[in-house]
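Residue strings, one per chain:
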Amino acid sequence: MVKAAAFLLVLLLALEAHSLSVKKKCSLVGRWVNDLGSNMTITTVNGNGVFAGSYHTAVTATSKEIKLSPLQGSLQKSPNQKGQPTFGFTVNWSFSDSITVFTGQCFVDENGKEELRTMWLLRSHVDKIKDDWKATRVGINVFTRLQSQE
Ligand code: BTN
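Position numbers for residues start from 1 in each chain and track the written sequence from start to end. Only residues with pLDDT of at least 70 are given local features in this predicted model, and only at 80 or more are side-chain atom pairs given and counted; all residues enter the totals for whole chains, interfaces and linings. To obtain the side-chain values, all non-hydrogen atoms of the structure were used and water was disregarded.

Chemist: So what exactly am I meant to see when it comes to the sheet that holds strand β3 (residues 50–56) here?
Modeler: Note on sheets: strands pair through backbone hydrogen bonds, and any given pair is parallel or antiparallel. When DSSP finds at least two bridges between two strands, those strands are taken to pair. Helix numbering and strand numbering both begin at the N terminus, where a helix is a DSSP run of H or I of at least 4 residues and a strand a DSSP run of E of at least 2. Taken in spatial order, the eight strands close into a barrel running β1-β2-β3-β4-β5-β6-β7-β8, and their pairing is antiparallel. Across the sheet, the mean angle separating the axes of adjacent strands is 30° when strand polarity is ignored. Pairing between strand β5 (residues 86–92) and strand β6 (residues 99–108): seven bridges, direction antiparallel. Across the sheet, residue Val91 finds its bridge partner in β6, namely Thr100. For helices, the fitted line uses only the C-alpha atoms of the stretch in contact; every axis is such a line through C-alpha atoms, and the angle between N-to-C directions lies from 0 to 180 degrees.

Chemist: Explain the environment of Asn39 here, please?
Modeler: Relative to the elements of secondary structure, Asn39 occurs in strand β2 (residues 39–45). Only protein chains enter the calculation, and the probe is 1.4 Å; a residue is then buried if its accessible area is under 20% of its type maximum, exposed if over 50%, and partly exposed in between. A residue is classified by how much of its surface remains accessible, and Asn39, at 31% relative accessible area, is partly exposed. Sequence-wise, Asn39 and Thr144 are 105 residues apart; in three dimensions their C-alpha atoms are separated by 9.9 Å. A distance of 3.4 Å separates a polar side-chain atom of Asn39 from the backbone oxygen of Gly37. We call two N or O atoms a polar contact when they sit within 3.5 Å, provided that within protein one can donate a hydrogen and the other can accept it, with sequence-adjacent residues counted only if both atoms are side-chain atoms.

Chemist: What should I look at first to understand the state of the cysteines in this one?
Modeler: Should the sulfur atoms of two cysteines be covalently bonded, the bond is a disulfide. For the purposes of this analysis, a disulfide is any pair of cysteine sulfur atoms at a distance within 2.5 Å. If you walk through the whole model with that rule in mind, you get one disulfide. Paired through a disulfide, Cys26 and Cys106 show a sulfur-sulfur distance of 1.6 Å. When the S-S torsion is 90°, as for the bridge of Cys26 with Cys106, the disulfide is right-handed. Here Cys106 lies in strand β6 and Cys26 lies in the loop between α1 (2–21) and β1 (30–34), a separation of 80 residues in the sequence. By relative accessible area, Cys106 is classed as buried at 0%.

Chemist: Looking at this structure, I do not really get the site of the ligand. What am I missing?
Modeler: Taken together, 16 residues lie around the ligand, and Ser38, Tyr55, Thr60, Ala61 and Asn141 are the ones closest in. One of the side-chain nitrogen or oxygen atoms of Thr57 is found 2.9 Å away from a nitrogen atom of the ligand. Thr60 is positioned such that a nitrogen or oxygen atom in its side chain is 2.7 Å from an oxygen atom of the ligand. Where accessible areas are quoted, they stem from the Shrake-Rupley method and a 1.4 Å probe; at the residue level, only the protein chains shown are allowed to cover. Isolated, the ligand exposes 410 Å² of accessible area, and the fraction of that covered by the protein chains is 97%. Near, as used in this document, describes a residue that has one of its heavy atoms within 4 Å of the molecule or strand being considered.

Chemist: Quick question: what am I supposed to make of the pairing of β2 here?
Modeler: A regular strand carries its side chains on alternate faces of the sheet. With four bridges connecting them, β1 and β2 associate as antiparallel partners. In the sheet register, Arg31 faces β2, and the bridge partner there is Thr41. Following β1, the chain reverses through four residues before pairing antiparallel with β2; Gly37 in that reversal takes a positive phi of roughly 95°. Hairpin remark: β2 followed by β3, antiparallel, with four residues in the connecting loop; positive phi at Gly49, about 85°.

Below, the structure written as structure tokens:
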């Protein structure tokens, strides 16, 4: 009887230790907000890591009215990603002549909170090659999952 209880205790402790060591995997699917207040929704990620969604930027480099824009991306599916995958996506702005490419990685902290750390290049259209030098902006954005999604 004592032996059985001791065995059960060891089993429970082993299961607990295992569950603590299994880290939550990052999923890109869902609604995200970044440090500028822009909102992004990723609707689908297929088996090859190809994903799609929509982006509502909070800011613009133009004087145009901001509109919801489509995004298309790709998630690195290598097993070495350890649940914190790298990815890239393109936003083809529906209200301007520009394109933005983002690249980044999804991190999960010890509390299971996900964060997308990204860098971006925003390419604006210029009329002449002489202006090419000033056509690309660069920056970083940090995305967190929208509260209602947690
Ligand atoms: C444009 O101004 O031509 C299109 C909108 C660009 C918005 C940029 S993309 C990088 C940065 N991150 C955002 O969420 N918005 C800005």
